[in-house]
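The residues making up each chain are set out below.
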Amino acid sequence: MSRLAIASAVLLCLSCSRSGAEEIGAVDTAFKLLGPDHKIVVEAYDDPGVHGVSCYVSRAKTGGVKGALGLAEDTTDASIACRQIGPIEFPKPLPAQQEIFNERLSLVFKKLRVVRMVDAKRNALVYLTYSDRLVDGSPKNSITAVAVDRPIPLEE
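Thresholds applied
Residues numbered from 1 in each chain as written. Predicted model: local features only at pLDDT ≥ 70, side-chain atom pairs only at ≥ 80, totals over all residues. Heavy atoms only, no water. Helix = DSSP H or I, 4+ residues; strand = E, 2+ residues; numbered from the N terminus. Buried < 20%, exposed > 50% of the residue type's maximum accessible area, 1.4 Å probe, protein only. Contact = heavy atoms within 4.5 Å. Patch = residues over 30% accessible without salt bridge, like charges linked within 9 Å, V, L, I, M, F, W, Y side chains within 5 Å. Areas by Shrake-Rupley, 256 points an atom, 1.4 Å probe, with all protein chains shown as cover. Salt bridge = Lys/Arg side-chain N within 4 Å of Asp/Glu carboxyl O. Phe/Tyr/Trp six-rings, centres within 6.5 Å; stacked < 30°, edge-to-face > 60°. Core = buried A, V, L, I, M, F, W, Y, C linked by side-chain atoms within 4.5 Å. Pairing = 2+ DSSP bridges. Axes fitted to C-alpha atoms, helices over the stretch in contact; angles between N-to-C directions.

## Examining the overall build of the protein chain
No. 1: The helix and strand inventory of the protein chain stands at two helices and eight strands.
No. 2: When the helices and strands of the protein chain are listed from N to C terminus, the series reads α-β-β-β-α-β-β-β-β-β.
No. 3: Out of the 156 residues in the protein chain, the part that is buried amounts to 36%.
No. 4: Counting contacts in the protein chain only where the partners sit at least 6 residues apart, residues at least 24 apart contribute 50% of the total.

Shown next, in the form of structure tokens:
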């Protein structure tokens, strides 16, 4: 790879949006002699459409030289837990299903996604995390739900 291509890739990766993720912590899973170790990171995301709900996502993060340069492709393994952290408020009615977060796991091809679904019958918000690729996604996923003490306002 030419130096210009590597520099361009690093700048592109550094400009990637993290969709409001706040890193809570990380644990090392494999030592790498050069570059950072492989890790599992835990990040918090506040639901932008529901005040009082935060989601915690754990995922693998590739280290080494490629990981340090932002050129590594992270695995599709992720787990999610969403919890009520304060009074639940709905600034506006919610769509029945909406992607609320996404984060790049590789330079071009893979994203981690979090989708919120409304279970109106049970007054619950259901959150699903999965990853997709440009060509084919992964069936690996994780799901969690948050109970709401009243009917959830839905878009018409």
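Back to the text.
## Thoughts on a nonpolar patch on the surface
No. 1: Together, Ile24, Tyr56 and Ile85 line one region of the surface with nonpolar side chains, adding up to about 290 Å² of accessible area.
No. 2: With respect to the element layout, Ile85 can be found in strand S4 (residues 78-89).

## Focus: the packing of aromatic side chains
No. 1: According to the stated counting rule, one finds one aromatic pair in the structure shown.
No. 2: An angle of 40° between the planes, with centres 4.6 Å apart, marks the rings of Tyr45 and Phe101 as tilted. Of this pair, Tyr45 sits in strand S2 (residues 38-46) while Phe101 is found in strand S5 (residues 97-104), placing the two residues 56 residues apart along the sequence.
No. 3: We classify Tyr45 as buried; its relative accessible area is 2%.
No. 4: Classification of Phe101 as buried rests on a relative accessible area of 5%.

## Things to note about the nonpolar core
No. 1: Counting residues in hydrophobic clusters, the biggest one holds 21 residues, and the most contacted among them are Val50, Val53, Phe90, Leu125 and Tyr127.
No. 2: If you list the elements that add at least two residues to this core, you get strand S3 (51-61), S4, S5, strand S6 (110-119) and strand S7 (124-133).
No. 3: Those residues in contact with Leu125 that sit more than four places away from it in its chain are Val50, Val53, Phe90, Leu94, Arg116, Met117, Val118, Thr144, Ala145, Val146, Val148 and Ile152.

## A few points about the pattern of salt bridges
No. 1: A full pass over the atoms with the stated rule returns five salt bridges.
No. 2: The salt bridge involving Arg59 is made with Glu43; its shortest N-O contact spans 3.3 Å. One end of the pair, Arg59, is in strand S3; the other, Glu43, is in strand S2, and 16 residues separate them in sequence.
No. 3: The salt bridge involving Asp47 is made with Arg116; its shortest N-O contact spans 2.8 Å. With a gap of 69 residues between them, Asp47 in the loop between S2 and S3 and Arg116 in strand S6 connect regions that are remote in the sequence. Arg116 shares its class with Asp47; the two are buried.

## Examining unusual backbone geometry
No. 1: Residues other than glycine seldom take positive phi values, yet Asn123 does so here, at roughly 50°.
No. 2: Along the chain, the position of Asn123 falls in the loop between S6 and S7.
No. 3: With relative accessibility at 21%, the residue Asn123 sits in the partly exposed group.

## Some remarks on the sheet that holds S3
Two strands in a sheet stick together by hydrogen bonds in their backbones, pointing the same way (parallel) or opposite ways (antiparallel).
No. 1: Taken in spatial order, the four strands make up an open sheet running S1-S2-S3-S4, and their pairing is antiparallel. At either end of the open sheet lies a strand with only one pairing partner, and these are strand S1 (22-30) and S4. The sheet shows a mean angle of 15° between the axes of neighbouring strands, direction not considered.
No. 2: Pairing between S3 and S4: eight bridges, direction antiparallel. Bridging from a neighbouring strand, His51 pairs with Glu89 of S4.

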